[in-house]
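Survey of secondary and tertiary structure
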Protein chains: 2
Amino acid sequence: MASDTLPIILITNDDGITAPGIRGLVDAVKGLGQVVVVAPDKPQSGMGHAITIGVPLRLNQVDIYGDIEAWQTSGTPVDCVKLAVDKVLHRKPDICLSGINHGANHSINVIYSGTMSAAMEASIESIPSIGFSLLDYRFEADFTASKYYVHKIVESLLKTKMNKHLLLNVNIPAVPVEEIMGIKVCRQAYAKYEEDFNERIDPQGKKYYWLTGEFVNFDKGEDTDVWALQHNYVSVVPVQFDLTNYELKKVLQTNWD
Amino acid sequence: MASDTLPIILITNDDGITAPGIRGLVDAVKGLGQVVVVAPDKPQSGMGHAITIGVPLRLNQVDIYGDIEAWQTSGTPVDCVKLAVDKVLHRKPDICLSGINHGANHSINVIYSGTMSAAMEASIESIPSIGFSLLDYRFEADFTASKYYVHKIVESLLKTKMNKHLLLNVNIPAVPVEEIMGIKVCRQAYAKYEEDFNERIDPQGKKYYWLTGEFVNFDKGEDTDVWALQHNYVSVVPVQFDLTNYELKKVLQTNWD
């Protein structure tokens with residue numbers, strides 16, 4: 001099959017181009033299309049939907065995946081998607097995959113996640129897109145089960161006619177593949193980190209603060225991503241970028257009429 | 001009236017604590033409650049929902065608004081809200097206001113906006129919250145009309161029992177107050193910047209890229225924020241942080257059953 005008939009699969013992440021998770025993502029899908037990697041040159045966790053304004057960006061081709069085309073940028077995950085379309089591919093890819101993130105991006109964390117923001121950027125630009133995260137933040141995390149489910153999900157979607165704004169947040173439990181119960185389509189749980197700051201004194205006697213937090217699930221629903229992951233399912237949350245609260249919109253106008 | 005009976009109004013922004021826009025916001029609402037400012041010590045535009053991980057934060061009280069308590073932080077707008085609740089107020093404020101941003105945050109820009117991310121963070125933390133933006137990015141922008149509408153909106157909401165997750169994205173047209181047609185509750189338009197990168201060569205002969213873009217409205221609806229602003233209305237979009245696409249959720253499970 002000539003390479004121009006294969007789907008073009010753009011891959012990015014927020015842990016940086018050298019993270020084992022993005023290598024796992026490349027391995028999982030390289031048989032499914034023409035893979036091109038455009039990823040940050042350093043870790044960008046917690047960058048949310050940040051874009052780089054006021055500072056120029058660098059973009060350099062690098063040889064780290066053998067025969068897979070790869071570029072690193074000085075920008076955020078969102079910058080990577082923009083640069084990939086405009087300066088690397090010179091077209092929209094058929095699908096954009098982000099991850100595999102080292103660490104969970106379920107529940108409210110979809111909003112803070114650089115992994116998901118890259119995927120959301122692609123979706124806004126009419127590119128079907130999926131973010132993948134493994135519930136193990138360690139560098140040496142085992143991506144075996146993740147690779148199996150990434151392949152399964154991407155292969156099945158490439159066989160369908162995807163909506164151009166399709167956007168999925170996929171989280172994978174950190175257990176061996178034989179313990180995974182299957183794939184569950186879920187809603188985003190209302191579960192979040194309850195933040196606290198660890199206050200310390202620097203050598204000059206001035207205060208500084210480290211962000212810390214404890215994960216709390218306020219949502220008892222059995223249709224949430226948190227529930228699915230606790231029960232060893234791969235969670236798939238379909239995500240949208242229209243943030244309008246339509247229920248509130250109905251009742252609000254009367255305040256100012 | 002004793003100050004402990006006044007509502008506590010937390011104010012933050014993404015243009016930094018010295019921006020004229022946040023001063024305009026303080027001026028607009030200082031008669032409505034006990035105002036406390038916790039804002040970034042430098043501009044943070046385009047930071048999206050970024051949080052600071054891996055670097056400690058600074059928090060210092062500063063005297064720039066006379067009798068209004070003000071703190072600057074080294075963090076992002078989202079960090080400011082977290083620090084304000086945990087280390088400044090030691091409680092949730094009654095309302096959180098973010099802005100007034102120098103520049104528009106309508107349509108898809110709600111996702112990239114540091115102004116709106118601070119407001120969204122507050123909403124997630126069960127604090128009713130509003131982001132305000134003026135459609136004039138200049139430092140010397142005229143906030144007269146903005147102050148009038150900020151006061152009107154905040155005063156009216158403080159008289160109601162607000163939902164604890166209330167979150168509004170308010171944009172104000174850059175015209176004199178007498179030309180503003182009123183307040184319109186809207187949905188988020190599907191309108192976005194079509195990005196392009198300006199490619200240049202540095203003195204060492206290496207390429208670098210500046211993000212540029214042209215605003216394009218793909219959404220012909222007359223119920224959108226872009227339509228309202230084009231017709232000189234103040235646009236109010238109610239926003240939610242549950243990003244689940246429930247329509248897609250209904251049809252997706254069959255892919256993997």
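The preceding data block contains the structure.
What you see is a predicted model, and the numbers here were worked out from it, not measured in a lab. (Residues numbered from 1 in each chain as written. Chains lettered and ligands numbered in written order. Predicted model: local features only at pLDDT ≥ 70, side-chain atom pairs only at ≥ 80, totals over all residues.)

The tendency in soluble globular proteins is for nonpolar side chains to be buried as a group. Core analysis: the biggest nonpolar cluster contains 144 residues, and A:Leu25, A:Val37, A:Leu97, B:Leu25, B:Val37 and B:Leu97 have the highest contact counts within it. Every residue in contact with A:Leu97, bar those within four places of it in the chain, is listed here: A:Ile9, A:Ile11, A:Leu25, A:Val29, A:Ile130, A:Phe132 and A:Val154. (Core = buried A, V, L, I, M, F, W, Y, C linked by C-beta atoms within 7 Å. Buried ≥ 20, exposed ≤ 12 C-beta atoms within 10 Å, placed from the backbone. Contact = placed C-beta atoms within 7 Å.)

This part is about helix H3 (residues 114–124) of chain A. With respect to burial, H3(A) is a largely interior element, eleven of its eleven residues being buried. Those residues of H3(A) that are buried lie in contact with strand E1 (8–12), helix H2 (77–89), strand E5 (95–102), strand E6 (129–134) and strand E7 (167–172) of chain A together with strand E9 (191–201) of chain B. A:Ser126 lies just past H3(A) and shows a positive phi near 65 degrees. (Helix = DSSP H or I, 4+ residues; strand = E, 2+ residues; numbered from the N terminus.)

In this section: the environment of A:Ala191. Residues and elements named next belong to chain A. Among the secondary structure elements, Ala191 is positioned in strand E9 (residues 191–201). In the structure, Ala191 is positioned 130 residues away from Gln61 in sequence and 39 Å away in space, judged by C-alpha atoms. When sequence neighbours within four positions are dropped, the list of residues in contact with Ala191 reads Ser107, Ile108, Phe215, Val216, Asn217, Phe218, Asp219 and Val226.

Further remarks concern the sheet that holds strand E2 (residues 34–40) of chain B. All names here are of chain B. Ordered in space as E3-E4-E2-E1-E5-E6-E7-E11-E8, the nine strands form an open sheet in which the pairing is mixed. The two strands at the open ends of the sheet, each matched to only one other strand, are strand E3 (59–62) and strand E8 (182–185). The mean inter-strand angle of the sheet, taken between neighbouring strand axes irrespective of direction, is 20 degrees. Pairing analysis gives four bridges linking strand E1 (residues 8–12) to strand E5 (residues 95–102), with the strands arranged parallel. Bridge assignment links Leu10 to a residue of E5, and that residue is Cys96. (Pairing = 2+ DSSP bridges. Axes fitted to C-alpha atoms, helices over the stretch in contact; angles between N-to-C directions.)

A few words now on the sheet that holds E6(A). Residues and elements named next belong to chain A. Strand order across the open sheet formed by nine strands is E3-E4-E2-E1-E5-E6-E7-E11-E8, with mixed pairing between neighbours. Looking along the sheet, the strands with just one partner apiece sit at the ends: strand E3 (59–62) and strand E8 (182–185). Across the sheet, the mean angle separating the axes of adjacent strands is 20 degrees when strand polarity is ignored. In the sheet, strand E2 (residues 34–40) pairs with strand E4 (residues 69–73) via five bridges, with the strands oriented parallel. Of the residues in E4, the one forming a bridge with Val37 is Ala70.

Moving on to unusual backbone geometry. Cis geometry marks the peptide bond from A:Gly99 to A:Ile100, where omega comes out at -10 degrees. With respect to the helices and strands, the residue A:Ile100 is situated in strand E5. With a phi close to 65 degrees, B:Asn232 is a non-glycine residue in the positive phi region. Tracing the backbone shows B:Asn232 in the loop between helix H5 (225–230) and strand E11 (233–238).

Right, let's get into the relation of the copies chain A and chain B. Rotating chain A by 180 degrees and translating it 0.0 Å along the rotation axis places it on chain B, where the RMSD comes to 0.0 Å. Classification of the inter-copy transformation places it as that of a two-fold axis. An overlap of 100% is found between the interface residues of chain A and their copies at the interface of chain B, pointing to a shared contact surface. (Least-squares fit on C-alpha atoms with pLDDT ≥ 70 in both.)

In this section: the pairing of E1(B). Residue and element names in this part refer to chain B. The element E1 is extensively covered by neighbouring structure, given that four of its five residues are classed as buried. Pairing between E1 and E2: four bridges, direction parallel. Across the sheet, Ile11 pairs through a bridge with Val37, a residue of E2. For the crossover from E1 across helix H1 (residues 20–29) to E2, the handedness is right-handed. (Right-handed = clockwise from strand over helix to strand, strands pointing away.)

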